[in-house]
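Chain residues, written in single-letter form:
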Amino acid sequence: MGRRILVTGGAGFIGSFLCEALLSRGHDVLCVDNFFTSSRHNVERLLDHKRFELMRHDVTFPLYVEVDEIYNLACPASPIHYQRDPVQTTKTSVHGAINMLGLAKRVKAKILQASTSEIYGDPIEHPQTEAYWGNVNPIGPRACYDEGKRCAETLFFDYHRQHKLRIKVARIFNTYGPRMHPNDGRVVSNFIVQALKSEPVTIYGEGNQTRSFCFVEDMVDGLIRLMDTPDSETGPVNLGNPAETTILELAQKIVAMTGSKSSIVMRPLPQDDPRQRSPDISKARSLLKWEPKVALGVGLEKTIQYFAQDSR
Ligand code: NAD
Ligand code: UDP
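Peer 1: Describe the packing of aromatic side chains, listing the residues and the values that go with them.
Peer 2: One pass over the full model with this rule turns up 7 aromatic pairs. Here F13 and F17 contribute two aromatic rings whose centre-to-centre distance is 6.3 Å and whose plane-to-plane angle is 85°, an arrangement assigned as edge-to-face. Pair noted here: F13 and F17 are both in helix 1 (residues 13-24), with a separation of 4 residues, about one helical turn. Owing to a relative accessible area of 9%, F13 belongs among the buried residues under this scheme.

Peer 1: How would you summarise the site of ligand 1 if you had to cite specific residues and measurements?
Peer 2: Close to ligand 1 lie 29 residues, the nearest being D33, T37, S38, Y145 and R186. Separating an oxygen atom of ligand 1 from a backbone N or O atom of C75 is a distance of 3.3 Å. T92 has a polar side-chain atom sitting 3.2 Å from a nitrogen atom of ligand 1. Taken by itself ligand 1 offers 810 Å² of open surface, and the protein chains cover 96% of this. Among the secondary structure elements, those contributing two or more residues to the shell around ligand 1 are helix 1, strand 5 (110-116) and helix 4 (143-163).

Peer 1: Give a description of helix 4 that names residues and reports values.
Peer 2: For helix 4, with 21 residues, the first-to-last C-alpha span of 28 Å sits near the 30 Å given by 1.5 Å per residue. Residues of helix 4 that are buried include every one of A143, C144, Y145, D146, G148, K149, A152, E153, L155, F156, F157 and Y159, and no others. Elements in contact with the buried residues of helix 4: helix 2 (79-84), helix 3 (86-107), strand 5 and strand 6 (167-172). At the exit of helix 4 stands K164, carrying a positive phi of roughly 60°.

Peer 1: Describe the packing of helix 5 (residues 187-196) against helix 7 (residues 247-258), with residues and values.
Peer 2: Between two packed helices, the angle of one axis relative to the other and the distance separating the axes together describe the packing. Where helix 5 meets helix 7, the closest approach of the two axes is 9 Å, and the angle between their N-to-C directions is 40°. Seen along the crossing, helix 5 lies across helix 7 with a hand that is right-handed. Every residue of helix 7 that contacts helix 5 at V187, V188, F191, I192, A195 and L196 is listed here: I247, L250, A251, I254 and T258. Classifying every residue of the contact of helix 5 with helix 7 gives 10 nonpolar, 1 polar and no charged.

Peer 1: Tell me about the site of ligand 2, residues and numbers included.
Peer 2: In the neighbourhood of ligand 2, 18 residues make up the surrounding shell, with N190, T202, R211, D273 and R277 lying closest. Backbone polar atom of T202 to a nitrogen atom of ligand 2: 2.6 Å apart, as the coordinates give it. Burial of ligand 2 by the protein amounts to 95% of the accessible area it has alone, namely 520 Å². Within the residue set of the shell around ligand 2, elements represented by two or more residues are helix 5 and strand 8 (201-204). When its residues are assigned to classes, the shell around ligand 2 shows 7 nonpolar, 5 polar and 6 charged.

Peer 1: Describe the environment of E66, naming the residues involved and giving the relevant values.
Peer 2: The residue E66 is located in the loop between strand 3 (52-56) and strand 4 (69-72) in this model. Residues E66 and I5 lie 61 residues apart in sequence; the distance between their C-alpha atoms is 9.1 Å. Discounting residues that sit within four places of it in the chain, E66 has contacts with R4, R106 and V107.

Calculation rules
- Residues numbered from 1 in each chain as written.
- Chains lettered and ligands numbered in written order.
- Predicted model: local features only at pLDDT ≥ 70, side-chain atom pairs only at ≥ 80, totals over all residues.
- Heavy atoms only, no water.
- Phe/Tyr/Trp six-rings, centres within 6.5 Å; stacked < 30°, edge-to-face > 60°.
- Helix = DSSP H or I, 4+ residues; strand = E, 2+ residues; numbered from the N terminus.
- Buried < 20%, exposed > 50% of the residue type's maximum accessible area, 1.4 Å probe, protein only.
- Near = heavy atom within 4 Å.
- Polar contact = N/O pair within 3.5 Å; in protein donor to acceptor, adjacent residues only side chain to side chain.
- Areas by Shrake-Rupley, 256 points an atom, 1.4 Å probe, with all protein chains shown as cover.
- Expected span 1.5 Å × (residues − 1).
- Contact = heavy atoms within 4.5 Å.
- Axes fitted to C-alpha atoms, helices over the stretch in contact; angles between N-to-C directions.
- Left-handed = near helix turned anticlockwise from the far one by under 90°.
- Nonpolar A, V, L, I, M, F, W, Y, C, P; charged D, E, K, R; others polar.

Structure representation (structure tokens):
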């Protein structure tokens, strides 16, 4: 039977795909967003759907609605966006979590937190398992996001222990796909936009830092599977694609795939930029019977297509 599901940050990049996937599974979806890093445009095609509702609301303020499940995605995710107003970023993570957990407690809803691989910081253990506690600079420029998300995880587990809330914590690794914001500075969107405009492709540092990129549809499937696990399963669960690539390899791949004349240029590496990142997804494989299906080349093709045509 269809459930009433709240998606905070539902107009964002991952959120908009999640809203669509939940609607297609027969649920009622309430999308809550303050449009800090997104616009109605991402969910425009859903506005006429009879089981979809869009509400402008900032999660740092309490919300009173009746729902069965909550996916808490509201938070700027790209370094440029979350560093623009760092105090607000921490507030969104921490006050937002408190408000959504309070709502879940009041209406007895199950609640999933979109946590992040950033809670591992610049990891010393590689690849990262859920048992790793991380290596985060608490006072650096990324701390508003990293520590905000770490505190949100703490709140989730304390609400679970103290109030018996049904919680799920997903640690999301770098995710890409259509509807990424073209100017949010994230590496996949940056490189594609630069390559399509024949502008220099900007590598920060030497390009030997690594990331592992997961296509957005795979990510959404993993999030829904995690929400649907038995109540005894709280996570945290790593969700991401373990296929690791250097940033230089990514740049070369995108330049080749777009047939671009762009040069590749080196720029200074931002402070605290993690040197390596790749998820150990053994837990997701066994618990969720999940692993990413979309290879990087296939996902990049769809994303390039979006930036070449649909985003104009
Ligand atoms: P996004 O910026 O596209 O989406 C975030 C959404 O949250 C936006 O629509 C934004 O307007 C909204 N928002 C921000 N502050 C808000 C507030 N105070 N109240 C209500 N809405 C607010 O980013 P995304 O990539 O879709 O990320 C979604 C979630 O997944 C975030 O919580 C992010 O931390 C997490 N995540 C994403 C990635 C990734 O690679 N994309 C990796 C790890 C974790
Ligand atoms: N990066 C880069 N050029 C860009 C944008 C990003 O070399 O134009 C690098 C960035 O320094 C980081 C990696 O790509 O090492 C991923 O950056 P992104 O902001 O996408 O994600 P995060 O650092 O949060 O994983």
